[in-house]
Amino acid sequence: MTRGEIAERIRALRREIGALNQDPFSPAVERSLFLADMYMHMALGHLGEVEEVTPELKEES
Amino acid sequence: MSLTVYSSKSMSSIFWNEFTETMPREQLDAIHLKRIQKMIRYAYDRVPFYRKLYQKAGLKPGDIRTLDDFNRLVPSIDKKDIVEAQQVEPPWGEAIALSEDFNLFRFQTSGSTGVPMGIPVSYYSSHHYGEQWTYGFWGVGIRPRDSFYFAFAWGTFIGFWSAYWGVRRLGATVYSGGGFTTEMRLKQILEYEPTVLVCTPTYALYMAEKAREMGIDLPATSIKYTYHAGEPGGNVPATRRAIEEAWGAKTYELYGIGEVGAIAPGCPRQLGVHLAEDQAYATVVNPETGAPVAPGEVGENLVTSHIQFSQPLIKYRSHDLVRPVYDKCSCGRTWLLFKDGVLGRTDHMIIIKGTNVYPTAIETLLGDVSGLTANYEIHVSSGQLNDEITAKVEAAPDVSASDYATLQRKAEGILYDKILVRIGVEIQKPGALPRYELKAKRFFDHREKH
C-alpha cells in the first residue's frame, strides 16, 4: 500500500470513529474511540499529512 | 507464534520514522509552511496575546505565504511576553488557546531567568513531547526490551516527565527513582538492572562519585546508555567522556525547552542534536540584529512549536546559541543538526576584545586538562576595559594539593592558546563546589547591569 493510500484509509477510519462517537455507548467507549482518533491524527502527521492543528477540539452536536 | 510488541520489519528499522527523518529539505520545508500557517491561524483565532501582537504588526494569518514571509514578517516573542500575558488573569491569562478542560498537565519553568512561566500541556501535546524522546531513544538503538531508571524527583521540571512519556510511547519498562537518595538509587540500579539511566549530566557524574565511595563498579552494572537533558553536558566532549568512562555506557543528550517541547534528540553519531522537524521549526538568527545567520554560523534558536496546542509558541526566543547544519548528517537524518548541541546562552555571552567566549567552550577545554574534573563554575565580572572571567574547577581526587599551582598554570595556558583570551583558573579541592540533581548553576554573572 502506498503512503497516500494508507493516509486515505486512516482518514476514512477517522470519519467512521467520528460517526460512532456522535452517539457514544458510554464515557469509556467514547474516550477509547477519541484516543484512537488522536493516534490516527498522529499517524497522519508521521505520513507527512497536515490535518487540523489538534484533534482534541470538536464541537458538540 | 511468538508474541511481540513490534513487527520484525519495524524492529529492523534504525529510524523511528524514516520517511520524515530522511525527507529532503524542500519537502520538510513545505510541510513546515503548512503547519506554521495552520498554527498562526489557530493562535490568531484562539489566543488574545497573538491576535493583539499580529494586529499591532499589521499582520493577518493569510499574509504568510512562504517560509520567508514567516521568517521576515512574524515578530519574535520572548518569555517575558508570555509571562506578562499570563499575568493578565493567572494562571494562563491571554496566552492560552485551550480551556482548562484540555490542560491535563501543569508545569513551570525553573525561574532561573526570572519569574517562572506556567506550562500547560494538553493530553495530545504530552504524546508529542514524549514522541520527541522516542525518536532519540530508537535512533541510538534503545528498544522496548530496554528498561529505564529515572534518577529524578518527579517535581515540576517537565523535561523528565516528557522522557517518561517517551518511554511509554516506546513501550519499555520504567523504574522510578523518585523520593530516593543517591545511595538508594544506586542500590536500586544494582537490584533492578535497568539498561538506560535518565538524569542531568551533572547528576550522572555525582552518582558516579557516590558509587566510588560505596565501592560500586558502575561499568559492571546493567546500564548501557545514559540519556540526559536539562543542561548542556551530553554534547560537551569532555563531560560526555567523563560520564561514559564512569558508567561504561554510551551517553546522549536531548535538547529541550520546557515550554516548547523536547525539541531535539541526540544524534546517534554524537555530533549534536537533531531538531525533531515533525514537531518544531527553527529560525536561527543573530541575537543582536535578528537577521538569519548563514548555515554553520552560531546564532540564537527562535523556535516554533507545531505541538504546543495549549499555549502556542511561535517564533519564540530560546536564547540558546546553536550552530545550524542543514546538510544530510552521516547518521542518515536530514533533520537540522545543531552541531555540538547548545553552545551557550545569549544572556551568558561574554565578549572580550571582540571575541565571543562561550561557557561550553571553556568547559570543553578544561575537560581536556588531565587532573581536573567536570565540576566547575564560571564567574564573569566587569574589568576596567573588558569583562574578566575566572573558572573555578575541582581537581581530581588523586591530585596532590601541592600540584594545584602547576595545574592552574597548565589550564590557564591551554585556555589562552585556544581562545586567545586570558581566563583565570582557580583550582578547588574535590567536593568544594555544590552538586545538583537538576540544572547545575555553572555561570555566575557579577557584571554591572546597564
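Residues numbered from 1 in each chain as written. Chains lettered and ligands numbered in written order. Predicted model: local features only at pLDDT ≥ 70, side-chain atom pairs only at ≥ 80, totals over all residues. Heavy atoms only, no water.

From N to C terminus, chain B includes 13 helices and 22 strands. For 450 residues, the compact-globule estimate of 2.2 N^0.38 gives 22 Å, and chain B sits close to it at 22 Å. Across its three principal axes, chain B shows a C-alpha extent of roughly 75 × 70 × 45 Å. Burial analysis of chain B (450 residues in total) assigns 56% to the buried set. In chain B, once contacts between residues fewer than 6 apart in sequence are set aside, the share between residues at least 24 apart is 70%. With the model as given, the accessible surface of chain B reaches about 19300 Å², and the carbon-plus-sulfur share is 51%. Charge-centre separation for chain B: the mean point of 49 positive side chains lies 3 Å from the mean point of 51 negative side chains. (Helix = DSSP H or I, 4+ residues; strand = E, 2+ residues; numbered from the N terminus. Rg over C-alpha atoms; globule rule 2.2 N^0.38 Å. Buried < 20%, exposed > 50% of the residue type's maximum accessible area, 1.4 Å probe, protein only. Contact = heavy atoms within 4.5 Å. Areas by Shrake-Rupley, 256 points an atom, 1.4 Å probe, with all protein chains shown as cover. Lys, Arg positive; Asp, Glu negative; His and termini not counted. Charge placed at Lys NZ, Arg CZ, Asp CG, Glu CD.)

Turning next to the overall build of chain A. Along the backbone of chain A there are two helices and zero strands. In terms of principal-axis extent, the alpha carbons of chain A reach across some 35 × 20 × 20 Å. Expressed as a percentage of its 61 residues, the buried residues of chain A come to 41%. Taking the contacts inside chain A whose residues are at least 6 apart along the sequence as the reference set, 50% of them involve residues at least 24 apart. Considering chain A, the positive charge centre built from 7 side chains and the negative charge centre built from 12 side chains are found 5 Å apart.

This brings us to the packing of helix α2 (residues 27-46) of chain A against helix α7 (residues 123-139) of chain B. At a closest axis distance of 12 Å, the pairing of α2(A) and α7(B) adopts a crossing angle of 45°. Judged by the angle between their axes, α2(A) and α7(B) are oblique. Pair α2(A) / α7(B) crosses with right-handed handedness. When α2(A) is examined against α7(B), the residues A:Arg31, A:Leu35, A:Met38, A:Tyr39, A:His41, A:Met42 and A:His46 are found in contact with a partner set consisting of B:Tyr123, B:Tyr124, B:His127, B:His128, B:Glu131 and B:Tyr135. When grouped by side-chain class, the residues that make up the contact of α2(A) with α7(B) number seven nonpolar, four polar and two charged. (Axes fitted to C-alpha atoms, helices over the stretch in contact; angles between N-to-C directions. Parallel < 35°, antiparallel > 145°, perpendicular 65-115°, else oblique. Left-handed = near helix turned anticlockwise from the far one by under 90°. Nonpolar A, V, L, I, M, F, W, Y, C, P; charged D, E, K, R; others polar.)

Turning next to the sheet that holds strand β12 (residues 299-305) of chain B. Residues and elements named next belong to chain B. Within the open sheet, the four strands sit side by side as β11-β12-β13-β16. Their pairing is antiparallel. Each end of this open sheet is capped by a strand with a single partner; those strands are β11 (280-285) and β16 (344-345). Pairing between β11 and β12: six bridges, direction antiparallel. Among the inter-strand pairings, Tyr 281 is bridged to a residue of β12, identified as Thr 304. (Pairing = 2+ DSSP bridges.)

Moving on, we get to the pattern of salt bridges. Evaluated as defined, the whole model comprises 26 salt bridges over all chains. For the salt bridge of B:Asp69 with B:Arg72, the shortest nitrogen-to-oxygen distance reads 3.2 Å. Note that B:Asp69 and B:Arg72 are positioned in helix α5 (residues 67-73) at a spacing of three residues, about one turn of the helix. The class of B:Asp69 is buried, set by a relative accessible area of 12%. A salt bridge links B:Arg241 to B:Asp368; the shortest N-O distance between them is 2.8 Å. Of the two residues, B:Arg241 sits in helix α11 (residues 237-247) while B:Asp368 sits in the loop between α12 (359-367) and β19 (372-382), which places them 127 residues apart along the sequence. Judged by relative accessible area, which is 36%, B:Arg241 ranks as partly exposed. Under the relative-accessibility criterion, B:Asp368 is labelled partly exposed at 48%. Through salt bridges with shared partners, one network takes in A:Arg3, A:Glu8, A:Arg11, A:Glu49 and A:Glu51. (Salt bridge = Lys/Arg side-chain N within 4 Å of Asp/Glu carboxyl O.)

Our next topic: the interface of chain A and chain B. Listed as interface residues are 20 residues of chain A and, on the opposing side, 22 residues of chain B. Taking both sides of the interface into account, the surface hidden between chain A and chain B amounts to around 1900 Å²; carbon and sulfur atoms contribute 68%. Of all residues in chain A, A:His46, A:Val53 and A:Glu56 give up the largest surface area on contact with chain B, accounting jointly for 35% of the area buried on that side. Viewed at the interface, chain B and chain A are joined by zero salt bridges. (Buried area = accessible area lost by both parts, 1.4 Å probe.)

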